[in-house]
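# A closer look at the structure
As a plain string of letters, each chain reads:
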Amino acid sequence: QVQLVESGGGLVQAGASLRLSCVASGRTFSSYGMGWFRQAPGKEREFVAAITSSGGSTYYRDSVKGRFTISRDNAKNTVYLQMNSLKAEDTAVYYCARKAPYKPGSRGYYYPGEYEYWGQGTQVTVSS
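Residues numbered from 1 in each chain as written. Predicted model: local features only at pLDDT ≥ 70, side-chain atom pairs only at ≥ 80, totals over all residues. Heavy atoms only, no water.

### Some words on the sheet that holds strand β3 (residues 18–24)
Taken in spatial order, the four strands line up as β1-β3-β8-β7 in an open sheet, and their pairing is antiparallel. Since the sheet does not close on itself, it has two edges, and those belong to β1 (4–7) and β7 (68–73), each with one partner. When the angles between neighbouring strand axes are averaged without regard to direction, this sheet yields 15°. One ladder, built from four bridges, connects β1 with β3; its direction is antiparallel. Within the sheet, the bridge partner assigned to E6 lies in β3 and is C22. (Pairing = 2+ DSSP bridges. Helix = DSSP H or I, 4+ residues; strand = E, 2+ residues; numbered from the N terminus. Axes fitted to C-alpha atoms, helices over the stretch in contact; angles between N-to-C directions.)

Structure follows, in C-alpha cells:
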C-alpha cells in the first residue's frame, strides 16, 4: 500500500559526503512525519534523524548533530538525509520510515516501533 524506496548510498572515504533520498508512494505524504534509521551487522537498529510532517521540526541522535541534515520536499514525496563529514562509525544500512500518527501513549520519533512503513535500505560504507 505504502512503499518507500531509498537511494544514494555508496562507498566513500572518511570526511566525504553523501545525500540519501527516500521516495514515498501515495497521496498523503505531507501528513506524516518521516525518520531515518540505520543498522550495522550484529547491532540493533538505531535512530538517526526525523522530521515532522510540515518540516518545521527536526530531531537527531547526538552523534550526528552538526554533520547530518534531514529535510523533505512534500511536492516530490521525498525525504533527504544529507550526510557530511562521514566517519567509519556511520557505516550501516540506512532505512527511511513513515511515522505513525501521534496518539496518547506514543513514545515519539526515536523508537522504531512508532513507524508504520519501512524502505528496503541503502548501504553506506565509510572507509578510513
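Moving on, there is more to tell.
### Quick notes on the state of the cysteines
With the rule as written, the count across this model stands at one disulfide. The disulfide partner of C22 is C96, and the gap between their sulfur atoms is 1.9 Å. Measuring the twist about the S-S bond at about 50°, one finds the C22-C96 disulfide to be right-handed. Within this pair, whereas C22 is found in strand β3, its partner C96 is found in strand β9 (residues 92–99), the two being separated by 74 residues in sequence. The same class applies to C22 as to C96, namely buried. (Disulfide = S-S within 2.5 Å. Buried < 20%, exposed > 50% of the residue type's maximum accessible area, 1.4 Å probe, protein only.)

What is shown is where atoms sit, not what they do.
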